[in-house]
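Chain by chain, the residues run as shown.
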Amino acid sequence: MRARDGIMKRHIAGSLICTLTMAMVLAGCSKDEAVYDYDLTDYVKVGNYTGIEYTAYQVEVTDEEIQTEIEKVLQKYSDQKELTEGKIKKNDYVSIHYELEVEGEKVGNGQSQDYTIQVGKGQVLEDIDKALVGKNVGDQFEVETKFPDDYELSSEMAGKEAMFDITVSKLFDVKLPELNDTFVTKNLGFETVQAYKEDLEANLYADKLETAEYNAGEEIWDKVLEASEVIKYPEKEVGEKQQELTENFKSLCSQYGMTFETALESVLNTTEEDFNAEMKESAEKAVKEEMVLYAIARENNLELSNEEKQSYLDDVLKENEMTEKEFKTQYSMTIEEYAKQSGIMISLLYDRVFDFLLEKGVAK
C-alpha cells in the first residue's frame, strides 16, 4: 500500500456523493468469492486473449523521486515548533482547512479537517500552492481554480471549475535531522546512507514496475472483456451480486446518517426502480468479468490450488506475527472467513491472470 501523497488532492474521497457513486461503479470488487463451478461455455464466449497489444512501458527512478522519499522520512523524525505569526514561504509546513464548491455545488459536509502540507511541493492544486505564499496564520481566502482534465484522483472532478475557501490554521518551524550514517543506523536499520539509498531506489523501482505491469495487464484485460460476449447471465450469481451492491449502498447511507430513501432522492436524484435497474446492470458487468476471469484461468491451469491458498494465508499470519487463534480472537472470524469476505483469493487470481495476459501480450 502506497503512502498517502497529496492532501487536498484526495478531498473527494470524503464526500458522500462520490463515496456512494464509487460503491456502484466498483461492482467488480466483490466481497465473497464466486466459484462458478459449472461449464462457463454455456454462459460466456471469451474473446481472443493472446497476442493482445499493450502500450510499452519503461521504468526508471529519478534522483528527485529518491530525494522526495528521503524528505518524507526525515520529516517523521523532525523537530516541529508551532508558530503564532509569520508569513508563509515556499517549502514551509502549514495546516489548512477548507470548504469546497465544484461548479457552484458544495462538496461533502462543507468543512474539512486540518491538513498539514509542505507549500510548493505539489501536494495541493497549483493555484492553491501559489496562493498560500505570503499568507499569515489565521488568514482566510478564496481560490478559484479548475481541476486538471486528466485529474486521476477523481474522474468526476476532472476539468471542472472549483472554488476553495481556505483558512490557514497553523504554521510550523520544522528542523529536519541530518541524513548521515548515524541517523540511518539508529532509525532505519542501515549501516550507511549509501546502503539506505540503494534499498530505497530498489523499492521505488519495484513499486513502479508493479504499477506499470498492472496497468499494462489492465489495458489487455479491457480489450479481452470488450471482445467477450455473454450468451446468458447466471441468475443466481447476478442476483447475489445485485443484493451485495444494494446492501453495501445501504450500509454507506447508514454510515453517513442518511436513510436509503433520502440518499436516492437527495444524493443520487433517482427512483428506487431506476436504482435497482442500475444495480442489476452493475451486477451483470461484474458477473461477466468474473466469468471471463475463471474461464481463462481454467483453460490455462491458472487457478489457485488449496495448498497455494493456505500457503498465502499462512504467510499473512506470519507477516503479522499472529497465530490462527490470535487472529480469530482479534477479528472474531477465522482467517479463511476473512479471506472470503474481503475477496483476497479472487484478487490473487486476477493478479495471476493479468501476469499471464501480459506474458502473452505484445508491447507496442
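Worth saying up front: this structure is predicted, and the values here are computed from it rather than measured.

S.K.: What am I meant to see in the overall build of the protein here?
M.R.: Along the protein, the regular secondary structure elements total 12 helices and 10 strands. The proportion of buried residues among the 364 residues of the protein is 38%. The long-range fraction of contacts in the protein, counting pairs at least 24 apart against all pairs at least 6 apart in sequence, stands at 74%. A total of about 21,800 Å² of accessible surface is found on the protein, and carbon and sulfur atoms cover 45% of it.

S.K.: Looking at this model, I keep getting lost on the pairing of strand 7 (residues 140–146). Mind explaining?
M.R.: For a regular strand, the rule is simple: side chains alternate between the two faces of the sheet. Every second residue of strand 7 is oriented toward a common face, the buried set being Phe141, Val143 and Thr145 and the non-buried set Gln140, Glu142, Glu144 and Lys146. Two elements, strand 7 and strand 8 (residues 161–175), share 7 bridges in a ladder whose sense is antiparallel. Bridged to phenylalanine 141 within strand 8 is isoleucine 166.

S.K.: What's the story with the environment of glutamine 242 in this structure? I'm lost.
M.R.: Residue position: glutamine 242 is located in helix 6 (residues 235–255). The sequence separation of glutamine 242 and alanine 277 amounts to 35 residues, and the corresponding C-alpha distance is 9.6 Å. Among the polar contacts listed, one links the side chain of glutamine 242 to the backbone oxygen of asparagine 276, at a separation of 3.3 Å.

S.K.: Looking at this structure, how should I read a negative patch on the surface?
M.R.: Where like charges cluster on the molecular surface, the negative patch consists of Asp207, Glu210, Glu213, Asp351, Asp355 and Glu359. When contributions to the negative patch are tallied by element, the ones reaching two or more residues are helix 5 (193–227) and helix 12 (344–360). Counting through the fold element by element, aspartate 355 comes out in helix 12.

S.K.: Help me out: how do you make sense of the environment of threonine 50 in this one?
M.R.: Here threonine 50 is to be found in the loop between strand 1 (44–45) and strand 2 (53–54). For threonine 50, a relative accessible area of 37% gives the class partly exposed. Once the C-alpha coordinates of threonine 50 and glutamate 359 are considered, the two residues, 309 residues apart in sequence, prove to be 8.8 Å apart.

S.K.: Teacher, can you tell me more about the packing of helix 8 (residues 272–299) against helix 12 here?
M.R.: Angle between the axes and distance between the axes: these two values describe a pair of packed helices. For the pair helix 8 and helix 12, the least separation of the axes is 10 Å and the interaxial angle reads 60°. In this view, helix 8 runs oblique relative to helix 12, as classed from their interaxial angle. Relative to helix 12, helix 8 is oriented so that their crossing is left-handed. Here Glu289, Glu290, Leu293, Tyr294, Ile296 and Ala297 of helix 8 come into contact with helix 12, specifically with Ile346, Leu349, Tyr350, Val353 and Phe356.

S.K.: Would you mind showing me how to read the packing of aromatic side chains here?
M.R.: The description of an aromatic ring pair uses the distance of the two centres, along with the angle that the planes make with each other. Here the structure, examined in full by the defined rule, presents 21 aromatic pairs. Ring geometry for phenylalanine 190 against tyrosine 196: centres 5.6 Å apart, planes inclined by 55°, an arrangement best described as tilted. Relative to phenylalanine 354, the ring of tyrosine 214 lies with its centre 5.4 Å away and its plane at 35°, an arrangement referred to as tilted. Residue tyrosine 214 is found in helix 5, and its partner phenylalanine 354 is found in helix 12; the two are separated by 140 residues along the sequence. One aromatic cluster is present, formed by Tyr98, Tyr115, Phe147, Tyr151 and Phe164 through successive ring pairs. Against the face of phenylalanine 141 rests lysine 135, its NZ or CZ located 4.6 Å from the ring centre. Here the basic side chain of lysine 232 rests over the ring of tyrosine 43, its NZ or CZ set 5.0 Å away from the ring centre.

S.K.: Hey, could you run me through the pattern of salt bridges in this one?
M.R.: Two side chains carrying opposite charge are able to pair once their charged atoms lie near each other. Across all of its chains, the model carries 11 salt bridges by this definition. The partner of glutamate 65 in a salt bridge is lysine 208, and the shortest N-O contact between them spans 2.9 Å. On the criterion of sequence distance, the pair formed by glutamate 65 in helix 2 (residues 63–76) and lysine 208 in helix 5 is long-range, its members being 143 residues apart. With a relative accessible area of 30%, glutamate 65 lands in the partly exposed category. One salt bridge connects glutamate 69 with lysine 72, and the closest N-O pair in it is separated by 3.3 Å. Of this pair, glutamate 69 and lysine 72 both sit in helix 2, 3 residues apart, roughly one helical turn. Overall, glutamate 69 belongs to the partly exposed group, its relative accessible area being 25%.

S.K.: Sorry if this is basic, but what is going on with helix 8 here?
M.R.: Since one α-helical turn is 3.6 residues long, residues separated by three or four positions face the same way. The terminal C-alpha atoms of helix 8 lie 40 Å apart, and with 28 residues this matches the ideal 40 Å at 1.5 Å per residue to within 8%. Immediately downstream of helix 8, the backbone of asparagine 301 shows phi near 55°, a positive value.

S.K.: Explanation requested: the packing of helix 2 against helix 5 in the structure shown.
M.R.: It is at 10 Å that the axes of helix 2 and helix 5 come closest, and there the two elements cross at 110°. By the angle class used here, helix 2 and helix 5 are roughly perpendicular. Classified by chirality, the crossing of helix 5 by helix 2 is right-handed. Residues Glu65, Ile66, Glu69, Ile70 and Val73 of helix 2 form the contact with helix 5, whose own contacting residues are Tyr196, Lys197, Leu200, Glu201, Leu204 and Lys208. Here the residues of the contact of helix 2 with helix 5 sort into 6 nonpolar, no polar and 5 charged.

S.K.: I keep staring at the nonpolar core and nothing clicks. Help me out?
M.R.: Within soluble globular proteins, side chains that are nonpolar tend to cluster in buried spots. Counting residues in each nonpolar core, the largest one holds 43 residues, and the members touching the most others are Trp221, Phe249, Ile296 and Val353. Residue assignment for this core shows that the elements contributing at least two residues are helix 5, helix 6, helix 7 (260–267), helix 8 and helix 12. In terms of residues, this core owes the most to one element, helix 8, which gives 11 residues. Not counting residues up to four positions away in its chain, the partners in contact with valine 353 are Trp221, Leu293, Ile296, Ala297 and Leu302. Counting 25 residues, the second-largest nonpolar core is a separate cluster that includes Ile88, Val94, Val102 and Ile128.

Calculation notes
- Residues numbered from 1 in each chain as written.
- Predicted model: local features only at pLDDT ≥ 70, side-chain atom pairs only at ≥ 80, totals over all residues.
- Heavy atoms only, no water.
- Helix = DSSP H or I, 4+ residues; strand = E, 2+ residues; numbered from the N terminus.
- Buried < 20%, exposed > 50% of the residue type's maximum accessible area, 1.4 Å probe, protein only.
- Contact = heavy atoms within 4.5 Å.
- Areas by Shrake-Rupley, 256 points an atom, 1.4 Å probe, with all protein chains shown as cover.
- Pairing = 2+ DSSP bridges.
- Polar contact = N/O pair within 3.5 Å; in protein donor to acceptor, adjacent residues only side chain to side chain.
- Patch = residues over 30% accessible without salt bridge, like charges linked within 9 Å, V, L, I, M, F, W, Y side chains within 5 Å.
- Salt bridge = Lys/Arg side-chain N within 4 Å of Asp/Glu carboxyl O.
- Lys, Arg positive; Asp, Glu negative; His and termini not counted.
- Charge placed at Lys NZ, Arg CZ, Asp CG, Glu CD.
- Axes fitted to C-alpha atoms, helices over the stretch in contact; angles between N-to-C directions.
- Parallel < 35°, antiparallel > 145°, perpendicular 65-115°, else oblique.
- Left-handed = near helix turned anticlockwise from the far one by under 90°.
- Phe/Tyr/Trp six-rings, centres within 6.5 Å; stacked < 30°, edge-to-face > 60°.
- Lys NZ or Arg CZ within 6 Å of the ring centre and 35° of its normal.
- Expected span 1.5 Å × (residues − 1).
- Nonpolar A, V, L, I, M, F, W, Y, C, P; charged D, E, K, R; others polar.
- Core = buried A, V, L, I, M, F, W, Y, C linked by side-chain atoms within 4.5 Å.

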